[in-house]
Amino acid sequence: MFPLEARTVLFSMGLVAGVMGIRMVSVAWRRVNHPGFLNWTLSFLLISLCLIGMSCLNLLPFILTGILPLFGVVAALVLIHNGLCAFTEVSPDHRFDMALLGIAAGGICFFAYWHDLPGGRSLVFSACCGIMTLRCARQSWRPARRYLEGRIPILPLLFLGLCALSLVRAAVIPFHPELYYEHGFMRGGLQMLTIIAAVLLLVGIETELMLMSFRRLEQSLIDSEGKYRRLIENVQKDYYIYSLDRQGCFTYASPSMRDICNDDPRTLLGRNWRDLFVMKDEVLERIERVDAFCLEGRVPDPVQIEFEHPEYGTVCIETQKQPVFDRHGAVVGIEGIGRNVTRQRRVEEELLRMATTDSLTGALNRGEFMRRAHAEMVRCHRDGVPFAVLLLDADHFKLVNDTYGHDVGDQVLCALAQACMAHLRPYDLFCRFGGEEFAALLPKARSAEAQDIAQRLLQAVRGICLRVGNATVGCTVSIGIAESLSDEIGLQGIIKRADVALYQAKHDGRDRCARSQELPAASA
């Protein structure tokens, strides 16, 4: 029979190894995440099962208590070695591992069933354990020095101690087989001391492995923080990274925010963004809505905000915000990244101006005028209100070009356009229709009101006086007026009637306006 004391020691040490494995499982679940840690966790759980299995000798089948536990311990050491290889990002020698496991399985089974050499199974087991612990000591030397710097690398020494214990055991067996029972276990106190020493060494190994893993995790966090801090601190000046608490006070501001706050970004910490930037009420309300959306735990769409900068004037920032959660899922703040789109917006506005206005006079071009006029006509028909169209043509403009040159002609056209736009209503449309011809759309204007506006334009244009050398250049226009008809669809009809009226004004002597009759243009 297996001594009760040894059985108790084996079972107790198995529980100790099980506790170590469970502790590694709990730590891996919460904090540590690398492939080697999983191997180490499985190895200690496997050792625990093997020791508990050995303690049930003569109570369970021999294969479960005298063969599989010995092979399981060797396999656990192989797992530890593979975990060290994964930890150091080195490919393990799987062929060697498989060969060693094969020798261990074959040797243990051979001496258990086909050869009655006393201690033969323990000899094979101890030799295989010594080889694997020696490999583990070699593989753990470099990471122990790297992550456990400033102290003696204990982990390789623990593996070497376990290796020495295994090799001494293997060396003693052939010369003193009388120390073993028929099942190959050491007798009395020597047996218990050997088991206790091995498990204590494993406890030290487990502690060092966890400590090394934590140091690696800490180092990776430091490296990651340093990398992202460098990225943030070296971000281009037109990009801004910030974080706010629930009240809107800054908790972080990237160094690039110096451009928009004219001060050290560290002075922003603890200050509310509402007290730092001058912006319109509608912009303030827009930001409040976005912040409220974030504090509800949702991610809003990017939003553009404008504020007044003491040096750069109006600044436009496009910002993307998202909520920040604590570990319980509660929103504790807002973080965001902003991009200065002031130059981009100015370029877009300039491109839009070039696409919609006449480059010479600044009035709308013909395409934009037709688009807006069509939308205005649809609205007027829907609301049942009238509108009118004016067509203006500079009188004797060819004579101005031929006499003074095209540069003076351009000046005359600019002055004419500016004079007309200055005397139209804010919601009227005015464009350069082509050459020296201009057009205006007058919403909510009947024929009489359109004639009054036309008379103001005639008077304004008569006041143009340009000095060219010793000469004075003036300008007059002829204007055709057409009022919308109730059954008229499209702009072409009213523009044709205004064109007919324009030629009537030309025919009547120029520098005057003429109103079209309420007849189709073709009949006129």
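Above this note sits the structure.
We now turn to the structure provided with this report. Computed from a prediction, not measured in an experiment: that's the story for all the values here.

1. Some remarks on the nonpolar core
Counting residues in each nonpolar core, the largest one holds 52 residues, and the members touching the most others are W40, L51, L84, F159, I205, L209 and M212. Counting only elements with at least two residues in this core, the list comes to α1 (4-30), α2 (35-54), α3 (62-87), α4 (94-114), α5 (120-147), α6 (154-175) and α7 (188-233). A total of eleven residues in this core trace back to one element, the largest contributor, which is α3. Sequence-distant contacts of M212, that is, excluding residues within four places in its chain, are made with W40, L84, F87, P143, A144, Y147, L148 and L155. Grouped together as the second largest cluster of nonpolar side chains are 35 residues, F397, A419, A445 and A460 included.

2. Considering helix α11 (residues 366-383)
Relative to the 26 Å expected for 18 residues at 1.5 Å per residue, α11 spans 25 Å between its end C-alpha atoms, a close match to the ideal helical length. Restricting attention to buried positions, one finds in α11 the residues E368, F369, A373, E376, M377 and C380. For α11, the buried positions fall inside an angular range of 160 degrees around the axis, keeping them on one side. Turned more than 90 degrees away from the buried face of α11 sit G367, R371 and R382, all of them exposed. Summarising the contacts, the buried residues of α11 are in contact with α10 (342-356), β6 (387-394), β7 (429-434), β8 (437-443) and α15 (491-507). G384, located one to two residues past α11, shows a positive phi value of around 75 degrees.

3. Regarding the sheet that holds strand β5 (residues 331-340)
On the basis of which strands lie adjacent, the open sheet formed by five strands has the order β2-β1-β5-β4-β3 and antiparallel pairing. Looking at which strands have only one partner, the edges of the open sheet turn out to be β2 (250-253) and β3 (303-309). Averaged over all neighbouring strand pairs, the angle between strand axes comes to 30 degrees, with direction disregarded. Where strand β4 (residues 313-325) lies against β5, nine bridges are found, and the strand directions are antiparallel. Following the sheet pairing, Q322 is matched in β5 by E335. Across the sheet, helix α9 (residues 281-295) touches β3, β4 and β5, and the angle it forms with β3 is around 135 degrees. Helix-sheet contacts for α10 involve β3, β4 and β5, and the interaxial angle to β4 is about 125 degrees.

4. Topic: the pattern of salt bridges
Using the criterion set out here, one finds 21 salt bridges in the structure. Residue R286 pairs with E306 through a salt bridge whose shortest N-O separation is 3.9 Å. Here R286 is found in helix α9, whereas its partner E306 is found in strand β3, with 20 residues between them in sequence. Here K506 and D393 are joined by a salt bridge, their closest N and O atoms 2.7 Å apart.

5. Things to note about the side chain of T133
Turning to its location among the elements, T133 is positioned in helix α5. Beyond its immediate stretch of four places on either side in the chain, T133 contacts L77, F159, L162 and C163.

6. Topic: unusual backbone geometry
Positive phi outside glycine occurs at E89, with the angle close to 60 degrees. Secondary-structure assignment places E89 in the loop between α3 and α4. Here D511, not a glycine, exhibits a phi torsion of approximately 50 degrees, which is positive. In this structure, D511 sits in the loop between α15 and β12 (513-515). Its relative accessible area of 24% is what places D511 among the partly exposed residues.

About the cut-offs
- Residues numbered from 1 in each chain as written.
- Predicted model: local features only at pLDDT ≥ 70, side-chain atom pairs only at ≥ 80, totals over all residues.
- Heavy atoms only, no water.
- Core = buried A, V, L, I, M, F, W, Y, C linked by side-chain atoms within 4.5 Å.
- Buried < 20%, exposed > 50% of the residue type's maximum accessible area, 1.4 Å probe, protein only.
- Helix = DSSP H or I, 4+ residues; strand = E, 2+ residues; numbered from the N terminus.
- Contact = heavy atoms within 4.5 Å.
- Expected span 1.5 Å × (residues − 1).
- Arc of directions from axis to C-beta.
- Pairing = 2+ DSSP bridges.
- Axes fitted to C-alpha atoms, helices over the stretch in contact; angles between N-to-C directions.
- Salt bridge = Lys/Arg side-chain N within 4 Å of Asp/Glu carboxyl O.

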